[in-house]
Amino acid sequence: MKFDIFDFEEKDNFDKYIKSASENISQLLKKTGKGNNFLGWLDLPFNYNKESLVDICKTAIKFQRFDIVIVIGIGGSYLGSKAVIEALKPQFGILKPEIIFAGHTLSEDYYSELIDYLKDKSFGLVIISKSGTTTEPAIAFRILLNELKKSVPKEKLAERVVTITDSSKGALKTISVNENYKSYIIPDDVGGRFSVLTPVGLLPIAIAGFDISALLNGAVDARQMCAKYNENNLAVYYAAFRNLMYKSGKKIELLINFNLRLNFIAEWWKQLFGESEGKELKGIFPASASFTTDLHSLGQYIQQGERHLFETAIVVENNSKLRIEIPFDENNLDELNYISLKNIEFINQKAREGTLKAHLDGGVPNCKISIEKLDEYNIGYLLYFFEFACAISGYMLEINPFDQPGVENYKKNMFELLGKK
């Protein structure tokens, strides 16, 4: 991984923020900061034993015989696995088994069409919920389990359902015990948005056919890099850059990419930073865009709108598996012959370089995070890097990065309107 910051007006103050970020590594690693009872993710890549991974892979193989596997969860219970799967899977056609996500919406159309789609197909359910009573996944599980019961004998039902939940309490744990469902544990000291390297993320990723050992290996190497108190710690540079931008009035961070496969990495990142930092009337608002696509919708605002945002670009250095060149055309009516015989990824790179320079010139500071390629190892590295940097950044804001007291407010109002006693 590489981290680059381009010239910007506030760069003279950067050393001060580097020092602050470095100081906050200590309270993170020594577990003396706010929210230190939710730091189980910190050493998670080292804590997996071979037997646990083998067991997850065995369950994954059993579920791969179905046409469809539905992963039920919301927020951190699905975004991490979806981010990895979307980054690695073919962009056209479907996986076998097809991975479908549910429990992340209350759209009736979604479930109506999903039920129709499941007809005459074999499917299994992976339900992820710490309590089992979170509204969206609980509704999805009740509906989809009812559909499963219509096509599977009761004695075979346990072969089609896996739960990922609390170790000892909660509705879903009780259901798992009563129905003899295979069950995995969400560690008590790992919050949902930091749970992608627990069974929450690893099981769906393994079912999709991807190498979870390589994913963890990437996270292990990222952990070793992030623990350093020197110039090689890229998480320190990223956290320092973000907080410098925030203090200089840049309240919105736009995570951008030039590869559509990274769109759900951005969705996962938005929850990670938004839920971690957005409290006590503080925090950078996390947004995202995929270029060059969104340059034709957001580009004008980014270039000349209010100067309250900065950009972080994720760059995949070896971005294309297949070289596709622009053909030469004698008529040249589209005026593309000046780039004929150049491949698309080369043009994409120049678009990226031109975009970042134009935005920088227009008063939008930016930094660049580069990974070698899109594979399990590099994605695991990237995810852990963001988690560690998020924790440092939150401590620099002097808030608890690991709680989310505000997320219950909408639920309280919804339950009251629904007449829940």
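These numbers were taken from a predicted model, which means no experiment stands behind them. (Residues numbered from 1 in each chain as written. Predicted model: local features only at pLDDT ≥ 70, side-chain atom pairs only at ≥ 80, totals over all residues. Heavy atoms only, no water.)

1. Focus on the overall build of the chain
The condition that has to hold: In DSSP terms, a helix is any run of H or I states spanning at least four residues, a strand is any run of E spanning at least two, and both are numbered starting from the N terminus. Type-normalised accessible area, obtained with a 1.4 Å probe on protein chains alone, sets the label of each residue: buried when under 20%, exposed when over 50%, and partly exposed for intermediate values. Whether two residues are in contact is decided by their heavy atoms, any of which lying within 4.5 Å being enough. What sets the accessible areas is the Shrake-Rupley method with a 1.4 Å probe; for residues, cover comes only from the shown protein chains.
Of regular secondary structure, the chain possesses 15 helices and 10 strands. Once the C-alpha set of the chain is aligned to its principal axes, its extents read approximately 65 × 65 × 50 Å. Relative to its full complement of 421 residues, the chain shows a buried share of 52%. Considering only intrachain contacts with a sequence separation of at least 6, the fraction spanning at least 24 residues in the chain is 78%. By element, 51% of the accessible surface of the chain is carried by carbon and sulfur atoms, the whole surface being about 20100 Å².

2. Some thoughts on the sheet that holds strand β9 (residues 309-316)
Sheet strands pair via backbone hydrogen bonds, and the direction of the pair is either parallel or antiparallel. The cut-off we apply is this: Strands were regarded as paired on the criterion that DSSP finds at least two bridges between them. Angles run from 0 to 180 degrees between N-to-C directions of axes, and those axes are lines fitted to C-alpha atoms, restricted for helices to the stretch in contact.
Taken in spatial order, the 5 strands line up as β1-β10-β9-β7-β8 in an open sheet, and their pairing is mixed. Whereas interior strands pair on both sides, the edge strands pair on one side only; in this sheet they are β1 (2-5) and β8 (285-290). Direction aside, neighbouring strands of the sheet carry axes that sit 20 degrees apart on average. Of the strand pairs in this sheet, β1 and strand β10 (residues 366-371) are connected by 4 bridges, and their pairing is antiparallel. For D4, the partnering residue across the bridge sits in β10 and is K368. Its contacts with the sheet place helix α14 (residues 376-396) against β7 (252-257), β9 and β10, and it is angled at close to 145 degrees to β10.

3. Some points on a negative patch on the surface
Put simply, the test is: Patch definition: residues with relative accessible area over 30% and no salt bridge; like charges joined within 9 Å; nonpolar side chains (Val, Leu, Ile, Met, Phe, Trp, Tyr) joined within 5 Å. Here a salt bridge means any side-chain nitrogen of Lys or Arg lying within 4 Å of a carboxyl oxygen belonging to Asp or Glu. Lys and Arg are tallied as positive, Asp and Glu as negative. Neither His nor the chain termini are counted. The atom standing in for a charge is NZ when the residue is Lys, CZ when it is Arg, CG when it is Asp and CD when it is Glu.
A cluster of acidic residues, D329, E330, D334 and E335, forms a negative patch on the protein surface. Mapping D329 onto the fold places it in the loop between β9 and α13 (344-361).

So, to be careful, I would describe these as geometric facts and stop short of saying anything about function.
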